[in-house]
Amino acid sequence: MNDLWDTAGYIASSRYRVSVCKYLDREGPELPSRIASKLGFAQPHVSRALSELRDRNVVELLVPESQQKGRLYGLTREGKQALTRLRGDAASVSVSFVEERSFPYDSLIDHLCDEHDEELRLVVARNGDDSDVFVASEDVQKRYDEQSIARLIAALRAGETTIDDKLMDVPTGENQFAVRGLEHSLLVRFSVDDDAEILVALEPDADVNVPAFIDACRRRLKD
């Protein structure tokens, strides 16, 4: 069961992997070039996603390895099971995009916009299955939708090993924070209480001292 969650989380942590898996599940086995054309992605992104998914036994090559043309890929049984699990869990997540003053911790948004305006992408306040999302700019808004945020949260809830490229996971007293690389962004996650947590997505090259960043955020949560 844990392996299945790990696989579902790995799929969810990249929009290319998610899109490729959904396409193969919907349309059946296909060539990388045709997948790229139908999804509107550059072929190198699709080829890399297929390679990554194949390494995790999510997709399989359906022709001999030596065949250079007509390399057809399809979902494995494990891949289908993981995608089904991910869809079911993501469907239980409620996501609402909100303005600053409607965010549960508006003082935190004030702080992040003042101190990290150029680096901030979005902030998520999750409480159980409900999540409020503040997006820092219209440009960032174009990169995310409710489904992509729901998949991210589903992947995080699946367990600590579900997000690939883990950078740091440091206990700090009773609470913990985690920093991860997540498909061209830096994700900082920390708890508010037993049921609630904050996720802050920053630009991948954000120059932040993580412990100081977390401490400043926690102070704002108390305001």
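Everything discussed here concerns the structure shown above.
Quick caveat: nothing in here was measured; it's all calculated off a predicted structure.

Asker: Pulling in residues and values, what's your account of the packing of aromatic side chains?
Answerer: Aromatic ring pairs are reported here in terms of the distance separating the ring centres and the angle at which the planes meet. Following the criterion strictly, the structure yields 2 aromatic pairs and no others. Measuring from centroid to centroid gives 4.9 Å for tyrosine 16 and phenylalanine 41, while their planes differ by 75°, and the two rings are edge-to-face. Here tyrosine 16 is found in helix α2 (residues 15-27), whereas its partner phenylalanine 41 is found in the loop between α3 (32-39) and α4 (43-55), with 25 residues between them in sequence. Given the relative accessible area of 19%, phenylalanine 41 is considered buried.

Asker: Account for the side chain of glutamate 119, with residues named and values stated.
Answerer: The residue glutamate 119 is located in the loop between α6 (106-115) and β4 (120-127) in this model. There is no salt bridge for the buried glutamate 119, and the closest opposite charge comes from arginine 121, which lies 11 Å off by N-O distance. Within the structure, the side chain of glutamate 119 is placed 3.0 Å from the side chain of histidine 116, a separation counted as a polar contact. Dropping the residues within four chain positions of it, glutamate 119 is found in contact with Ala201, Leu202, Glu203, Ala206, Asp207 and Val208.

Asker: Which residues make up the pairing of strand β5 (residues 130-135), and what are the values?
Answerer: Pairing analysis gives 4 bridges linking strand β3 (residues 94-97) to β5, with the strands arranged parallel. By the bridge assignment, serine 94 is partnered in β5 with aspartate 130. Two elements, β4 and β5, share 6 bridges in a ladder whose sense is antiparallel. Within β5, the position partnered with asparagine 127 by the bridge is aspartate 130. The loop that links β4 with its antiparallel partner β5 comprises 2 residues; one of these, glycine 128, has a positive phi angle of about 65°.

Asker: Describe helix α9 (residues 210-222), naming the residues involved and giving the relevant values.
Answerer: End to end, α9 covers 19 Å across 13 residues, agreeing with the expected 18 Å (1.5 Å per residue, within 8%). When we look at burial in α9, the residues that qualify are Val210, Phe213, Ile214, Ala216, Cys217, Arg218 and Leu221. Capping the start of α9 is the job of one residue whose side-chain oxygen sits 3.1 Å from the backbone nitrogen of alanine 212: asparagine 209.

Rules behind the numbers
- Residues numbered from 1 in each chain as written.
- Predicted model: local features only at pLDDT ≥ 70, side-chain atom pairs only at ≥ 80, totals over all residues.
- Heavy atoms only, no water.
- Phe/Tyr/Trp six-rings, centres within 6.5 Å; stacked < 30°, edge-to-face > 60°.
- Helix = DSSP H or I, 4+ residues; strand = E, 2+ residues; numbered from the N terminus.
- Buried < 20%, exposed > 50% of the residue type's maximum accessible area, 1.4 Å probe, protein only.
- Lys, Arg positive; Asp, Glu negative; His and termini not counted.
- Salt bridge = Lys/Arg side-chain N within 4 Å of Asp/Glu carboxyl O.
- Polar contact = N/O pair within 3.5 Å; in protein donor to acceptor, adjacent residues only side chain to side chain.
- Contact = heavy atoms within 4.5 Å.
- Pairing = 2+ DSSP bridges.
- Expected span 1.5 Å × (residues − 1).

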